[in-house]
Structures are given as structure tokens and as C-alpha cells.
Amino acid sequence: MLKPQTSDQATNQHATSKHATDFSTDCVHSGEPRQKDAGSITTPIYTAATFTFESTADLLRFVNGEEQREEYGRYGNPNEKSVEAKIAALEKSEEAIVYGSGMAAIVGLLMTKLSAGDEIVFFDQCYHRSREFCAKHLSRFGVVTRQVTTGDYDAMEAAINKNTRLLVSESPTNPHLSVIDLEKFAAVGKANEVETLIDATLATPYNMNPTEYGIDYVLHSATKYLGGHNDLIAGVLCGRSEQLEPIRKMRGILGNISTPHNLYLLERGLKTFALRLQRQNENGLRVAQFLESHPRVERVYYPGLESHPTHSIAAAQMRGFGSLITFTVKDADWKQTSAVVDAARIPRIAPSLGGVESLIEQPLVMSYYHCTPEERQRFGIEDNMIRMSCGIEDGDDLIADLDQALSV
Ligand SMILES: *Cc1c(COP(=O)(O)O)cnc(C)c1O
């Protein structure tokens, strides 16, 4: 288990680009029982939809709470337990709840916490489906959503009133990679007795542990770095057991669970999580530095670069900066920008991020094509913007490939 860290230690670790040495060990071993069925070294895939009781007396022991065990697949299974315990250890939180997707985790939390008349406040740079769920759907249930400018902690505090239940942000944000000051964000919540949620999908527990700064809930789309192989969809919510208990119960009602096969893949992916992130942090920084020095690149958004407006927060609160980079092509219209994307040979054109395969996309075409120009401007999506997620390929290869793509 990792010991709690002060932000000073985190900074030092970042400076020497070293992680606590036991992180990788936790990736491989934590959460799993040492001895498993049949001596299996891997967690067997428990396909059971339901779990049997020996007798009524056996059932009564369970019903009376004298025995903790599985009952019915919607309420949990052994694959879920081991992967939840592993992620909780990596995130240094008491507990984790896994879901069928990152969105299922967000929806699961919000549907548990919010009632008609309640309000939430969130920073405006955020995953577009989270924004859509709040603005279009929570509103149907009488929940009020207030958006404030990302990083404006005073505006966030000013938007809080007696009905506010939750403050929400991503860190880093997508696609602008703005990093939130977790200490300040948590302080605004605490001062006003409002809970806080950070979607830390882009940071991952390898680079940052928001609960150490007093954040209540940490959310990940496990589809991205945690799974890491572009072969599964999953989500996870981490926090204190007491706070998560009603949310877990709600998952049993909503049924937004993952499957044993999927959870096995997630557990398998997590074994190499530290190794992958080490390479991805390295590739991310190298590629970002290369792009910043390239004459055809106008601007690079990457929290590891000193030019990023939130670099100092990132340097203080993160151990590494991840592998997602957004950049704009100098004097290029949207078609010339597409030509750069099309010329890249290693990264594949696809949404998503964080996997072993590098992915590239033009946000205008991929996710914001059906928005009006005014909406795109409001979301900060430019025609000449490209977003790239570096995988674990050789960094020199990625740089050489981008160099040739930028020369088209
Ligand atoms: C992908 C993503 C989500 C949604 O996760 P899914 O697993 O696709 O449902 C939420 N937040 C962020 C920051 C993401 O990148």
C-alpha cells in the first residue's frame, strides 16, 4: 500500500520523475486474494449470474449480515471485487465502484446524490456528454446546473447557494488540458459544505491522487488509461466507503454494471499500468516539446510545457503529465488541418485516448461537427486543432511521423 503523500513529496517525485517504488507492485498484486481457486495465478472469470446457497440456514446467515458473500450478479461478483480493490489501492481511496462505462459512473453518482431543486456547479471545460447529461437531462428532473469558467474558483464559490450539492471538474480538462488546483477546489467545497468530484481520467492515479487534497469523489473512464488497450469500456468511482455506500446501492438498482469478462480484461490491463504510464508520460512530454518547436505548429496545449497557463499547478500536484496533447496548425484552415491528420501513419484516427495505440483526431470533425460555430467558439474548439493521444510506441518514431505529417 502506498503511504499518503504531501504535495512537497509529490513535487520532488515529479522533479526526479520517480514514482513511489511500490506503485508498480500494487498494480500487479493489490486487491487480489493471494491464493485463488485451484491455485490459479490469475483471477478466474466468474460468469455466474447468480450465486447459490447451501440451505435456508445458509441464506439466513447472509440475510442477517453474518456472512459477506455474493448473491446476485447485479449486486456484485468476485471479478468486480478484486478489480475494485486494486483501483482503490492505486487511487489511495477507501473504496472503488466499477461501472459499465465512465458515463455510467457519472450518471450513477449524480442520480444518487441529486433531487429536484438541488444544484450542481461545474467548470465549463468538460467531457461533452457529461455536460449534455447535466444540461439536457438532469434539468428534466428539476436539477439546476451552473457552469463557471474553468479555473475561476471565486466564480465557483459565488455560484454556490443553499441548494448546491456538488462541485464538478475534470483535471486535466479535455481538450485544453487545463489543470485544476485541487487544494483550492477542495477548499471551496469544504468551506461551503458541498461535496467535490474530480474526473481524473486524463491524469490517472499514476500521476495524481485527488483524494489526498481532500476531494470527495474521483472518477475515471477506465476505458482510457486504466484498461489501456482500447479493448474495453468501463468506468470507476473512488471515495470513502461511507459516501459510496448509497451510490453502490443505486448501482444495484440502475444496473449500470460491468461484466465479469470485461472486468477480467480491466484487471489484466492494470497489471502493466505503471509501465504503460511511464512510457506514455515520456512520449507525451517529448512529442509536446517537439511540436512546440515545430515551425508549422501555432500552439501546443500540454500541462508539462511551461507555456501552458496551468503548468505551475501541474508541476506541483502531478507526478507526470500524461500522453494527451492538443495543438493547432499555423495558418491552416480545417481542410489543411485534416490533411495533417490524414498524413500521420502511426496514430490511428479514432476518438478515445490513453491506450497502447496512439490515436489522432481533429476535434472539429470528430466530436463537434454538429455544433454551431458559436458553440464551438464557446467550447474553445478551433478549426485548426488536432488532438493526439500518444500510445506506448517508440517516441522517436512518433516524432518522425508527426514531422513528416506536418510537412504535407
Ligand atoms: C471518455 C471520457 C468519459 C466517458 O467515459 P466512457 O468510458 O466513454 O463512458 C468521461 N470523462 C472523460 C474525461 C473522458 O475522457
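Note that the coordinates shown come from a computational prediction; the quantities given were computed from them, not determined experimentally.

## A look at the site of the ligand
Then step 1. Around the ligand sit Ser101, Gly102, Met103, Tyr127, Glu170, Asp199, Thr201, Ser221, Thr223, Lys224 and Ala234, and those are all the residues in its vicinity.
Then step 2. Contact distances for the ligand include 2.7 Å between a nitrogen atom and a side-chain N or O atom of aspartate 199.
Then step 3. Side-chain polar atom of serine 221 to an oxygen atom of the ligand: 2.8 Å apart, as the coordinates give it.
Then step 4. In isolation the ligand offers 380 Å² of accessible surface; the protein chains occlude 93% of this area.
Then step 5. The cavity where the ligand resides is the second largest pocket.
Then step 6. Among the residues making up the shell around the ligand, the classes are represented as three nonpolar, five polar and three charged.

## Section: the layout of surface pockets
Then step 1. Roughly 710 Å³ of volume is contained in the largest pocket.
Then step 2. Forming the walls of the largest pocket are 22 residues, and the residues nearest its centre are Gln68, Tyr75, Lys81, Arg248 and Arg251.
Then step 3. Secondary-structure elements contributing two or more residues to the lining of the largest pocket are helix 4 (78–91), strand 1 (95–99) and helix 10 (241–254).
Then step 4. The element that contributes the greatest number of residues to the lining of the largest pocket is helix 10, accounting for six residues.
Then step 5. Surrounding the second largest pocket, 30 residues form its lining, Tyr127, His128, Asn174, Lys224 and Leu353 being those nearest its centre.
Then step 6. Broken down by secondary-structure element, the contributors of at least two residues to the lining of the second largest pocket are helix 5 (102–113), helix 6 (128–137), strand 6 (217–221) and helix 15 (363–366).

## Observations regarding the side chain of threonine 310
Then step 1. Along the polypeptide, threonine 310 turns up in the loop between strand 8 (297–301) and helix 13 (311–317).
Then step 2. A relative accessible area of 13% places threonine 310 in the buried class.
Then step 3. Leave out the neighbours within four places in its chain, and threonine 310 touches Leu177, Ser178 and Val179.

## Side note on a negative patch on the surface
Then step 1. Taken together, the side chains of Glu298, Asp331, Asp333, Glu382 and Asp383 define an acidic patch exposed on the protein surface.
Then step 2. Positionally, aspartate 383 belongs in the loop between helix 16 (373–379) and strand 12 (385–389).

## Considerations on empty space enclosed by the protein
Over the atoms, a rolled probe matching the size of one water molecule traces out where space is still vacant.
Then step 1. Tallied over the entire structure, the rule returns one cavity of 30 Å³ or more.
Then step 2. Empty space within the largest cavity amounts to approximately 130 Å³.
Then step 3. What lines the largest cavity is a set of 13 residues, among which Ile106, Ser130, Val168, Glu170 and Leu197 lie closest to the centre.
Then step 4. Only helix 5, helix 6, strand 4 (164–170) and strand 5 (195–199) provide two or more residues apiece to the lining of the largest cavity.
Then step 5. Class assignment for the residues of the lining of the largest cavity results in eight nonpolar, two polar and three charged.

## A word on the environment of serine 307
Then step 1. For serine 307, the position within the fold is in the loop between strand 8 and helix 13.
Then step 2. For the pair serine 307 and glutamate 292, spaced 15 residues apart in sequence, the C-alpha separation works out to 9.2 Å.
Then step 3. Here serine 307 is in contact with Glu292 and Val300, once residues within four sequence places are set aside.
Then step 4. There is a polar contact of 2.5 Å between the side chain of serine 307 and the side chain of glutamate 292.

## Structural notes on the domain arrangement of the protein
Then step 1. As far as domains go, the protein holds domain 1 (9–271) and domain 2 (274–405).
Then step 2. Of note, the centres of domain 1 and domain 2, computed from C-alpha atoms alone, are 26 Å apart.
Then step 3. Contacts between the two partners involve 41 residues from domain 1, matched on the other side by 37 residues from domain 2.
Then step 4. Counting the contacts that link domain 1 with domain 2 gives zero salt bridges.
Then step 5. Here domain 1 is connected to domain 2 by 20 residue pairs in polar contact (both at pLDDT 80 or more).
Then step 6. Looking at the side of domain 1 that touches domain 2, the elements that each hand over two or more residues are helix 1 (7–15), helix 2 (23–29), helix 6, helix 8 (182–191), helix 9 (204–207) and helix 11 (260–271).
Then step 7. Split by residue class, the side of domain 1 that touches domain 2 holds 18 nonpolar, 18 polar and five charged.

## With respect to the sheet that holds strand 10 (residues 348–349)
Then step 1. Read from one edge of the open sheet, five strands run 8-9-12-11-10, paired in mixed fashion. Each edge of the open sheet carries a strand with a single partner, namely strand 8 and strand 10.
Then step 2. Judged from the three bridges that link them, strand 11 (residues 359–361) and strand 12 form a sheet pairing that is antiparallel. Bridge pairing links glutamate 361 to arginine 387 in strand 12.
Then step 3. Relative to strand 12, helix 14 (residues 334–343) is tilted by about 20°, and along the sheet it contacts strand 9 (324–329), strand 10, strand 11 and strand 12.

Cut-off values and rules
Residues numbered from 1 in each chain as written. Predicted model: local features only at pLDDT ≥ 70, side-chain atom pairs only at ≥ 80, totals over all residues. Heavy atoms only, no water. Near = heavy atom within 4 Å. Polar contact = N/O pair within 3.5 Å; in protein donor to acceptor, adjacent residues only side chain to side chain. Areas by Shrake-Rupley, 256 points an atom, 1.4 Å probe, with all protein chains shown as cover. 1 Å grid on protein atoms, 1.4 Å probe; cavity = no way out; pocket = protein on both sides within 12 Å on 5 of 7 lines; lining within 4 Å. Sits in = over half its atoms within 2 Å of the grid points. Nonpolar A, V, L, I, M, F, W, Y, C, P; charged D, E, K, R; others polar. Points joined across faces, edges and corners; volume = space filled by probe spheres on them. Helix = DSSP H or I, 4+ residues; strand = E, 2+ residues; numbered from the N terminus. Buried < 20%, exposed > 50% of the residue type's maximum accessible area, 1.4 Å probe, protein only. Contact = heavy atoms within 4.5 Å. Patch = residues over 30% accessible without salt bridge, like charges linked within 9 Å, V, L, I, M, F, W, Y side chains within 5 Å. Salt bridge = Lys/Arg side-chain N within 4 Å of Asp/Glu carboxyl O. Lys, Arg positive; Asp, Glu negative; His and termini not counted. Charge placed at Lys NZ, Arg CZ, Asp CG, Glu CD. Domains from an automatic or database assignment. Pairing = 2+ DSSP bridges. Axes fitted to C-alpha atoms, helices over the stretch in contact; angles between N-to-C directions.

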